[in-house]
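Chain by chain, the residues run as shown.
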2 protein chains.
Amino acid sequence: MPNKEIPYKIYLEESEMPESWYNVRADMKNKPAPLLNPGTGQPMTAEELGGVFCDELVKQELDNDTAYIPIPEEIRNFYKMYRPSPLVRAYCLEEKLQTPAKIYYKFEGNNTSGSHKLNSAIAQAYYAKKQGLKGVTTETGAGQWGTALSMACSYLGLDCKVFMVKVSYEQKPFRREVMRTYGASVTPSPSMDTEVGRRILEEFPGTNGSLGCAISEAVEVAVKSEGYRYVLGSVLNQVLLHQSVIGLETMAALKKYDIKPDMIIGCAGGGSNLGGLISPFMGEKLRGEADYQIIAVEPASCPSFTRGKYAYDFCDTGKVCPLAKMYTLGSGFIPAPNHAGGLRYHGMSSILSQLYDDGLMEARSVKQTDVFAAAEEFARVEGILPAPESAHAIRAAIDEALKCKETGEEKTIVFGLTGTGYFDMYAYEAFHDGKMTNYIPSDEEIAASLAKLPQI
Amino acid sequence: MPNKEIPYKIYLEESEMPESWYNVRADMKNKPAPLLNPGTGQPMTAEELGGVFCDELVKQELDNDTAYIPIPEEIRNFYKMYRPSPLVRAYCLEEKLQTPAKIYYKFEGNNTSGSHKLNSAIAQAYYAKKQGLKGVTTETGAGQWGTALSMACSYLGLDCKVFMVKVSYEQKPFRREVMRTYGASVTPSPSMDTEVGRRILEEFPGTNGSLGCAISEAVEVAVKSEGYRYVLGSVLNQVLLHQSVIGLETMAALKKYDIKPDMIIGCAGGGSNLGGLISPFMGEKLRGEADYQIIAVEPASCPSFTRGKYAYDFCDTGKVCPLAKMYTLGSGFIPAPNHAGGLRYHGMSSILSQLYDDGLMEARSVKQTDVFAAAEEFARVEGILPAPESAHAIRAAIDEALKCKETGEEKTIVFGLTGTGYFDMYAYEAFHDGKMTNYIPSDEEIAASLAKLPQI
């Protein structure tokens, strides 16, 4: 096993942790398109958004100009409970692959939510508390966001109502218990508790649910309950802002050792991890200070970047949310019960969509069995059992490292390892037993879904 | 939330990590009693032990004199994959309890085995590999040791056969899948695969199994298979030696910030975590350089220190192992299906037993529901979902911190947080649903078991 000057894990000191979030929109020439009111077709105003989101978060959502937004001290202290997260040099994976590439990953899984989601959960819960609210509602797919929000709410003494995509609720009963440990209520979605849930169940009686459905239900409950607001774990500008802490730490750790990455790779569902990881690097790229190859990796079963359309669409299935311009498969697209629940979203962050459309980043899709093969290979040498979502990035990183082996290039690859797979063992079991399938939607299926895009 | 000079997490630099293990036996005036051959009643020789264990590990097992044993470079490099582990200042728990006590915990859960067990697993697998063996056999209770050994064996390319206590095998199906991810074979114990398993099943047809049974089966397979040896995750002197890395790192981190602990608390099943955590502190105590209050915490359902007898006993139910002098409930004692599977062992490390008998440490037992109440309280403020085993130490640490609140004493408490509870959600569920029971063995039950101790 190798033993070099750069340590296996680079930890920042607490004093080196970021004191502000970085808002990549400030450096974007083409700003992300605004959210639209589906009734009027006009950009959503702060007042309109204030019925759904906390006031401070609305401000952050609409702010395309301020590059650095200070992180409140209370949030910085909470971050110290589980951050800085390590930037790991994958010496053992490099050795296994016999590649000249240098591989690093930013590991966000060392906290009970099991992922990076806690970075935005505590920020959103903090602003809700500061506004004097009673509680928040949300949706969760794989359960990582719901767990993160439960932890943040429990810490601050806020009520937390989670709508969990039905297929994940059933595949991951333990996730529900973790959320209960943190005092949250968890309802499988679609449910009979909301109008939109009842409507969806009537139309699609056997549905497995989707993030789009669960969002509709959570928004409905937030809007109808006194003292509640809705919070979302991905897609939104504010979420990418909070998640910039990942990229800022990564950049600081790399600079500490004079490491200049050639490419940055992240998995992409709604874009929260990828957006956070790449934001300061993208900032340098936008300002012409440096260049990086940036790659989004999505599941072949839900390929919004690689096979979707850049258009205004609903963020949710029930069409209760504003319209967002994004790469989308259509808000009615219900992906196959792919085990990477966190990547089963029909659309993509408006910020990332604009950057992709501007040619500032690439995207590729990967098949589920290839993803699990990479996950297992990684686990055996790096000692971390990755979440299926994270393993999409591992797959692409391994593929790139193997290309370097062929060409002899000593590229420096950085990827985001968003979390751990401890609650995904049914999926690993299916993979071990050869029972895992690769669902890939047909062109017709995608076209039919896209045909129903709203006419804006 | 507080924000003080001592960081939330103290991480050592890689260069500050221990280069040798510390062997507390070297400083013990009364050495731990030797293992005896049950046939002859004489101390086991290196040759006899060599049939069961690797040669280098036999040497370590029998070495009562060498204080520092160098850690081979390969093992030190493996340690760098997941160590140093953080020493965490529990600022948030202190705040919640409103105690003047200062609480620290050494967190060993940030690796896929979910506990400290990997520290000895890699050492034992390394020596097996170095001796040219094909593979190793072992038992596992909660599954943490089995997972750790699977990881180490997969890394080194050794075969790994795990006998898993039946009740844990059923309560924790996901643990089995993690072990399979690392290529191990996992058999529920007692099984029909071994003579001793068939004998136990005949005598106790509905048995839930126990660590003692599973050890017997694993030893039988090792002894009967060419190129295999048996490895054990706790109890043995060699295991406490490897686990001293926990205590050495803890002491180095404390000294870095001039912190002098008043008490050190650890959960105790066979003693691997407690023995490792306390060893350098006990060394200072034995050499008269410092004094510490040291507390072992065990489950009321399996109270070997607090209600057992200090005597020679079999390490396993099938009586195929050597005799060890230890605090024991009798090798035939089959504890209730307590959810802290890792603490369901009838005996206790000979080293710790001798230290306890010499009055150098204390012990107390705690009830399961009190343990889970502490676990939940801890999770909600410190953000880590603890393993039930670890939560025994949390219970005692909280109790001590609350005592300080009454007396106003500003004691410094250090406890070992051995791991995470992600695979223990059935137990958390039972606790949330009010279905958790507190089994406490009767005096008659313990007396009946102790009456069957071997006559030495």
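Residues numbered from 1 in each chain as written. Chains lettered and ligands numbered in written order. Predicted model: local features only at pLDDT ≥ 70, side-chain atom pairs only at ≥ 80, totals over all residues. Heavy atoms only, no water.

**Q** Would you mind going over the overall build of chain A with me for this structure?
**A** In terms of helices and strands, chain A carries 18 helices and 15 strands. On C-alpha atoms alone, chain A measures out to a radius of gyration of 20 Å, which is about the 23 Å that the 2.2 N^0.38 rule sets for 456 residues. In terms of principal-axis extent, the alpha carbons of chain A reach across some 60 × 50 × 45 Å. For chain A, buried positions account for 68% of its 456 residues. Across chain A, contacts joining residues at least 24 apart in sequence account for 77% of those joining residues at least 6 apart. Element-wise, carbon and sulfur atoms account for 48% of the exposed surface of chain A, whose accessible area totals about 14800 Å². Taking the average place of the 46 positive charges on the side chains of chain A and the average place of its 57 negative ones, the gap between the two points comes to 1 Å. (Helix = DSSP H or I, 4+ residues; strand = E, 2+ residues; numbered from the N terminus. Rg over C-alpha atoms; globule rule 2.2 N^0.38 Å. Buried < 20%, exposed > 50% of the residue type's maximum accessible area, 1.4 Å probe, protein only. Contact = heavy atoms within 4.5 Å. Areas by Shrake-Rupley, 256 points an atom, 1.4 Å probe, with all protein chains shown as cover. Lys, Arg positive; Asp, Glu negative; His and termini not counted. Charge placed at Lys NZ, Arg CZ, Asp CG, Glu CD.)

**Q** Whenever I open this one, the sheet that holds strand E4 (residues 87–89) of chain A confuses me. Can you help?
**A** Each strand in a sheet pairs with its neighbour through backbone hydrogen bonds, running either in the same direction (parallel) or in the opposite one (antiparallel). All names here are of chain A. With respect to topology, seven strands assemble into an open sheet ordered E1-E4-E5-E15-E10-E11-E14, the strand pairing being mixed. What marks the edges here is a single partner per strand, and that holds for strand E1 (9–10) and strand E14 (362–366). Relative to strand E11 (residues 293–299), strand E10 (residues 263–267) runs parallel, the two sharing five bridges. Looking at E11, one finds that Ile265 is bridged to Ile295. (Pairing = 2+ DSSP bridges.)

**Q** Help me understand the sheet that holds strand E8 (residues 185–189) of chain A, please; the structure alone is not making it clear to me.
**A** Residues and elements named next belong to chain A. Judged by pairing direction, the sheet is parallel, and its four strands sit side by side in the order E8-E7-E6-E9 without closing on themselves. Every other strand in the sheet has two partners, leaving E8 and strand E9 (228–230) as the edge strands with one partner each. With direction set aside, neighbouring strand axes in the sheet form an average angle of 25°. Relative to E9, strand E6 (residues 135–140) runs parallel, the two sharing three bridges. Its bridge partner being in E9, Val136 is matched across the sheet by Arg229. (Axes fitted to C-alpha atoms, helices over the stretch in contact; angles between N-to-C directions.)

**Q** Just checking my understanding: could you explain unusual backbone geometry for this structure?
**A** Keep in mind that most residues, glycine aside, have a negative phi and that most peptide bonds are trans. Following A:Arg83, the chain continues into A:Pro84 via a peptide bond in cis, with omega recorded as -10°. By secondary structure assignment, the location of A:Pro84 is in the loop between helix H3 (73–82) and E4.

**Q** Which parts of the structure should I look at to understand the pattern of salt bridges?
**A** Note that side chains of opposite charge can pair when their charged atoms are close. Evaluation of the coordinates by the stated rule reveals 54 salt bridges over all chains. In this structure, A:Lys224 and A:Glu195 form a salt bridge, with 2.9 Å as the shortest nitrogen-oxygen distance. Of the two residues, A:Lys224 is situated in helix H10 (residues 211–224) and A:Glu195 in helix H9 (residues 195–203); the sequence distance between them amounts to 29 residues. For the pair A:Lys224 and A:Glu195, a shared accessibility class is recorded, and that class is exposed. A salt bridge links B:Arg287 to B:Glu289; its shortest N-O distance comes to 2.8 Å. Shared partners join several salt bridges into a network, and the residues in it are A:Arg176, A:Glu177, A:Arg180, B:Glu429 and B:Asp433. (Salt bridge = Lys/Arg side-chain N within 4 Å of Asp/Glu carboxyl O.)

**Q** Just to check I follow, could you spell out the confidence of the model for chain A for this structure?
**A** One rule of thumb: low pLDDT means the predicted coordinates there are not for detailed reading. Chain-level statistics for chain A give a pLDDT mean of 94 and a share of 98% at 70 or above. Note on the complex model: pTM 0.94, ipTM 0.90. (pLDDT = per-residue confidence, 0-100.)

**Q** Would you mind showing me how to read the interface of chain A and chain B here?
**A** When the parts come together, some accessible area is lost, and that loss is often what is quoted as the size of the interface. At the interface, 49 residues of chain A touch 49 residues of chain B. In this assembly, chain A packs against chain B so that about 4500 Å² is buried in total across both faces, 55% of it on carbon and sulfur atoms. When the buried area of chain A at its contact with chain B is split by residue, A:Phe174, A:Thr181 and A:Tyr422 rank highest and sum to 16% of it. Across the contact surface, chain A and chain B share four salt bridges. Taking the shortest distance from any N to any O, the salt bridge between A:Glu429 and B:Arg176 comes out at 3.6 Å. Joining chain A to chain B, the criterion identifies 21 residue pairs in polar contact (both at pLDDT 80 or more). The set of elements that each furnish at least two residues to the side of chain A that touches chain B consists of H3, helix H6 (144–156), helix H8 (173–181), helix H15 (368–382) and helix H17 (425–432) of chain A. With seven residues, the single largest contributor to the side of chain A that touches chain B is H3(A). (Buried area = accessible area lost by both parts, 1.4 Å probe. Polar contact = N/O pair within 3.5 Å; in protein donor to acceptor, adjacent residues only side chain to side chain.)

**Q** How should I be thinking about helix H2 (residues 55–62) of chain B in this particular structure?
**A** Residues and elements named next belong to chain B. Taken together, the buried positions of H2 are Leu57, Val58, Gln60 and Glu61. Along the axis of H2, the buried positions cluster into a sector of 160°, meaning they face one direction only. Where H2 is buried, its residues meet strand E2 (20–22), helix H1 (46–49), strand E3 (68–70), helix H5 (118–130) and helix H11 (237–256). (Arc of directions from axis to C-beta.)

**Q** Even after reading the chapter, I still don't get the relation of the copies chain A and chain B, so can you show me in this structure?
**A** Superposition of the two copies of the chain requires a rotation about an axis and a shift along the axis. Under the fitted operation, chain A is carried onto chain B by 0.0 Å of movement along the axis and a turn of 180°, and the coordinates agree to an RMSD of 0.0 Å. The symmetry that links the two subunits is that of a two-fold axis. Residues of chain A ranked by C-alpha distance from the rotation axis are headed by A:Asn110, positioned 3.1 Å from it. When the interface residues of chain A are mapped onto chain B, 100% of them are again interface residues, pointing to one common binding face. (Least-squares fit on C-alpha atoms with pLDDT ≥ 70 in both.)

**Q** I tried to follow the layout of surface pockets on my own but got confused; where do I start?
**A** To find leftover empty space, one rolls a probe the size of a water molecule over the atoms. Empty space within the largest pocket amounts to approximately 650 Å³. Listed by contribution, the elements that provide at least two residues to the lining of the largest pocket are E1 of chain A together with strand E1 (9–10), helix H3 (73–82) and H11 of chain B. Per-element tally for the lining of the largest pocket: the top contributor is H3(B), with three residues. Of the residues contributing to the lining of the largest pocket, the split by class is 16 nonpolar, three polar and 16 charged. (1 Å grid on protein atoms, 1.4 Å probe; cavity = no way out; pocket = protein on both sides within 12 Å on 5 of 7 lines; lining within 4 Å. Points joined across faces, edges and corners; volume = space filled by probe spheres on them. Nonpolar A, V, L, I, M, F, W, Y, C, P; charged D, E, K, R; others polar.)

**Q** Is there a simple way to think about the domain arrangement of chain A in this case?
**A** Residue and element names in this part refer to chain A. Examined at the domain level, chain A breaks down into domain 1 (9–16 + 82–114 + 238–450) and domain 2 (51–70 + 117–236). The gap between the C-alpha centroids of domain 1 and domain 2 is 22 Å. Taken residue by residue, the interface counts 41 residues in domain 1 and 45 residues in domain 2. At the boundary of domain 1 with domain 2, total buried surface from both sides reaches about 3500 Å², with 58% on carbon and sulfur atoms. It is Ser113, Gln238 and Phe423 that lose the most area in domain 1 upon contact with domain 2, and together they represent 22% of the buried surface on that side. Scanning the region where domain 1 abuts domain 2 turns up one salt bridge. When the shortest N-O distance is used, the salt bridge between Lys172 and Asp424 registers 2.4 Å. Connecting domain 1 to domain 2 are 16 residue pairs in polar contact (both at pLDDT 80 or more). Among the elements that make up the side of domain 1 that touches domain 2, the one with the highest residue count is helix H11 (residues 237–256) (eight residues). Looking at the side of domain 1 that touches domain 2, its residues break down into 16 nonpolar, 18 polar and seven charged. (Domains from an automatic or database assignment.)

**Q** What am I meant to see in the packing of H3(A) against helix H5 (residues 118–130) of chain A here?
**A** To characterise two packed helices, one gives the angle between the axes of the helices and the distance between these axes. All names here are of chain A. As a packed pair, H3 and H5 sit with axes 10 Å apart at the nearest point and diverge in direction by 150°. Taken together, H3 and H5 sit at an angle that is classed as roughly antiparallel. In terms of crossing hand, the pair formed by H3 and H5 is right-handed. Of the residues in H5, those in contact with Glu74, Ile75, Phe78, Tyr79 and Tyr82 of H3 are Leu118, Asn119, Ile122, Ala123 and Tyr126. Of the residues belonging to the contact of H3 with H5, the class tally is eight nonpolar, one polar and one charged. (Parallel < 35°, antiparallel > 145°, perpendicular 65-115°, else oblique. Left-handed = near helix turned anticlockwise from the far one by under 90°.)

**Q** For this particular structure, what's the right way to read the packing of aromatic side chains?
**A** In this description, a pair of aromatic rings is defined by centroid distance and the angle of the planes. Residue and element names in this part refer to chain A. Inspection of every chain in the model, using the stated rule, returns 41 aromatic pairs over all chains. A centroid spacing of 5.3 Å and a plane angle of 70° characterise the contact between Tyr126 and Tyr127, whose relative ring orientation is edge-to-face. Taking the relative accessible area as the measure of exposure, Tyr126 reaches 11% and is therefore buried. On the accessibility criterion, Tyr127 (6% relative accessible area) is buried. Here a set of aromatic residues connected by ring pairs shows up, and it is made of Phe78, Tyr79, Tyr82 and Tyr155. Cation over ring: Lys325 sits above Tyr310, and NZ or CZ is 4.5 Å from the ring centre. (Phe/Tyr/Trp six-rings, centres within 6.5 Å; stacked < 30°, edge-to-face > 60°. Lys NZ or Arg CZ within 6 Å of the ring centre and 35° of its normal.)

**Q** For this particular structure, what's the right way to read the environment of A:Glu220?
**A** All names here are of chain A. Relative to the helices and strands, Glu220 resides in helix H10. In this structure the C-alpha to C-alpha distance between Glu220 and Gly197, which are 23 residues apart in sequence, comes to 9.6 Å. Those residues in contact with Glu220, other than ones at most four positions away along the chain, are Thr194, Glu195 and Val196. A distance of 2.7 Å separates a polar side-chain atom of Glu220 from the backbone nitrogen of Glu195.

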